[in-house]
Amino acid sequence: MEESLASPAGIPIRATLLDGLIPELTPLLWQVARAAGLGAEDAEDVVQSSWVSLLSHLDTIREPGAITAWLVTTTRREAWKVAAARRKTRPADTERLADIPDPRPSPEDSALLDAEQRALWGALRTLSPRCQELLRIVAFVPRPDYDAVAVQLRMKRGSIGPNRRRCLDKLGQALRDSSGDS
Amino acid sequence: MSTHSADLSPGEPGDENVLAKIKALFEAVDPAPPDLAERVRFAVALADLEAEAARLVEEAAFEPALTRGTAEESRTITFDSTELTIMIRIDANADGTVRVDGWLAPARACRIEVSLRDGVLGVEADADGRFAFPSVPRGTVRFVVRPPAQHAQAASDSSGNARMKTVITPALVLLTAW
């Protein structure tokens, strides 16, 4: 794979590499940015600038999984930074920012969702914000890149303790609770 | 290798199923804008060029008589980047191809490539920064100037010491006559 990263003819092949990865990974990065609480416009900006800054780091990245991890980490760090800045300028919005800020119709009554999805949505909302974010990101990470992303997320954000197992267990519990209720 | 993967590595059998449902859920309620990838691609292409592109600074056509006695003109074209000036001169060959002579300033031994529609030609510049492509098909090309270290040992230096960027020229049409 190294060969495809350090191309013989320079830019054109580099661009080709990115052309292949951009459509594949952009939806993941969008979710990363949105999970940090960004509005649509900020999320798009952050995703774009992550890709652009990847250009100057491409020479130091050796495998495709590491590219995914680098992009996720960079997008997440930047998204939280922007989200924090937004919160500061709009203090009244803190509660809403803890949720998923979304101008679209609320998922609870969205006609797009079936009953199972509405239940899943409801259960997700009972989890801690960290679990919500973690599961949302993990769900979009391509399987072969799991390990690389896991290492990155844990190292850079050790105190957050992303713990897929714990979050999934809580989600399962919440789903069982809600189905018992109804 | 699995020692590092405690957080995200696949766990119980049902996990993948749940994660797939979470993914489908967010794809339904909050999908990435459909044109986002396209806009990213454009931003990346633009940034890539800005980082490395040489500018066309001067172009001149000469009367033919002095050089070859053919009806065709020569052209000289000058490109500038932050670290390098590239001058090339294009002359017609009898067989319909063109000859390209070039000079780099400041002089340095680099690899010069002509990227054609369907391939790449490469030559080394000498210590005076001169290089020549005796026969290049006419058509649209770009010149790529690569620092010696980069093609010899694939970007392995982290020192940043006297490291030259790869420079790429805008596309130009190799023709001597109009």
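Residues numbered from 1 in each chain as written. Chains lettered and ligands numbered in written order. Predicted model: local features only at pLDDT ≥ 70, side-chain atom pairs only at ≥ 80, totals over all residues.

Q: Please provide a residue-by-residue account of the overall build of chain B, values included.
A: On a plain count of helices and strands, chain B comes out with three helices and ten strands. In chain B, the succession of helices and strands from N to C terminus is α-α-β-β-β-β-β-β-β-β-α-β-β. Counting every position in chain B, which comprises 178 residues, the buried fraction comes to 27%. Considering only residue pairs separated by 6 or more positions, chain B has 49% of its internal contacts joining residues 24 or more positions apart. (Helix = DSSP H or I, 4+ residues; strand = E, 2+ residues; numbered from the N terminus. Buried ≥ 20, exposed ≤ 12 C-beta atoms within 10 Å, placed from the backbone. Contact = placed C-beta atoms within 7 Å.)

Q: Summarise the environment of Leu55(A); cite the residues concerned and give the values.
A: Residues and elements named next belong to chain A. Within the secondary structure layout, Leu55 lies in helix H3 (residues 40-55). By the C-beta count within 10 Å, which is 19 here, Leu55 ends up partly exposed. In this structure, the C-alpha to C-alpha distance between Leu55 and Leu18, residues 37 residues apart in sequence, is 9.0 Å.

Q: Requested: an account of the nonpolar core, with residues and values cited.
A: Counting residues in each nonpolar core, the largest one holds 50 residues, and the members touching the most others are Leu29(A), Val32(A), Ala33(A), Val47(A), Leu135(A), Ile137(A) and Val149(A). With nine residues, helix H2 (residues 11-35) of chain A is the largest single contributor of residues to this core. In contact with Ala33(A), other than residues within four places in its own chain, are Leu38(A), Ala43(A), Val46(A), Val47(A), Thr75(A) and Ala79(A). With 21 residues, the next largest nonpolar core counts Ile112(B), Val141(B), Phe143(B) and Val167(B) among its residues. (Core = buried A, V, L, I, M, F, W, Y, C linked by C-beta atoms within 7 Å.)

Q: Go over the pairing of strand E2 (residues 74-80) of chain B with me, naming the residues and quoting the values.
A: Residue and element names in this part refer to chain B. By the bridge criterion, six bridges tie E2 to strand E3 (residues 85-92) in an arrangement that is antiparallel. Pairing of Thr76 across the sheet is with Arg89, part of E3. Between the end of E2 and the start of E3, which pair antiparallel, lie four residues. (Pairing = 2+ DSSP bridges.)

Q: Please set out the confidence of the model for chain B residue by residue, giving values where relevant.
A: Residue and element names in this part refer to chain B. When pLDDT is averaged along chain B, the result is 75, and 66% of the positions lie at 70 or above. When mean pLDDT is compared element by element in chain B, strand E7 (residues 130-136) scores highest at 94, while helix H3 (residues 148-153) scores lowest at 50. Long-range and interchain partners of residues 1-10, a stretch whose pLDDT sits below 50, account for 23 contacts in this model, where long-range means more than four residues apart. Taken over the whole predicted complex, pTM reads 0.57, whereas the ipTM for its chain interfaces reads 0.81. (pLDDT = per-residue confidence, 0-100.)

Q: Let's hear about the packing of helix H6 (residues 115-126) of chain A against helix H1 (residues 13-29) of chain B: which residues, and what values?
A: Running from N to C, H6(A) and H1(B) point in directions that differ by 95°, and their axes come no closer than 10 Å. Taken together, the axes of H6(A) and H1(B) are roughly perpendicular relative to one another. Only Lys21(B), Ile22(B), Leu25(B) and Ala28(B) of H1(B) make contact with H6(A), whose side of the interface consists of Gln117(A), Leu120(A) and Trp121(A). (Axes fitted to C-alpha atoms, helices over the stretch in contact; angles between N-to-C directions. Parallel < 35°, antiparallel > 145°, perpendicular 65-115°, else oblique.)

Q: So what about the packing of H3(A) against helix H4 (residues 64-89) of chain A? Which residues, and what values?
A: Residues and elements named next belong to chain A. The geometry of H3 relative to H4 is characterised by a closest axis approach of 9 Å and an angle of 140° between their N-to-C directions. In terms of orientation, H3 and H4 fall into the oblique class. The way H3 lies across H4 gives a crossing that is right-handed. Listed contacts from H4 to Asp42, Val46, Val47, Ser49, Ser50, Ser53 and Leu54 of H3 are Trp70, Leu71, Thr74, Thr75, Glu78, Ala79 and Val82. Of the residues contributing to the contact of H3 with H4, the split by class is seven nonpolar, five polar and two charged. (Left-handed = near helix turned anticlockwise from the far one by under 90°. Nonpolar A, V, L, I, M, F, W, Y, C, P; charged D, E, K, R; others polar.)

Q: With reference to specific residues and values, describe the environment of Phe140(A).
A: Relative to the helices and strands, Phe140(A) is located in helix H7 (residues 129-140). Overall, Phe140(A) belongs to the buried group, with 21 C-beta atoms counted inside 10 Å. Aside from chain neighbours lying at most four places away, what touches Phe140(A) is Pro27(A), Leu28(A), Gln31(A) and Lys23(B).

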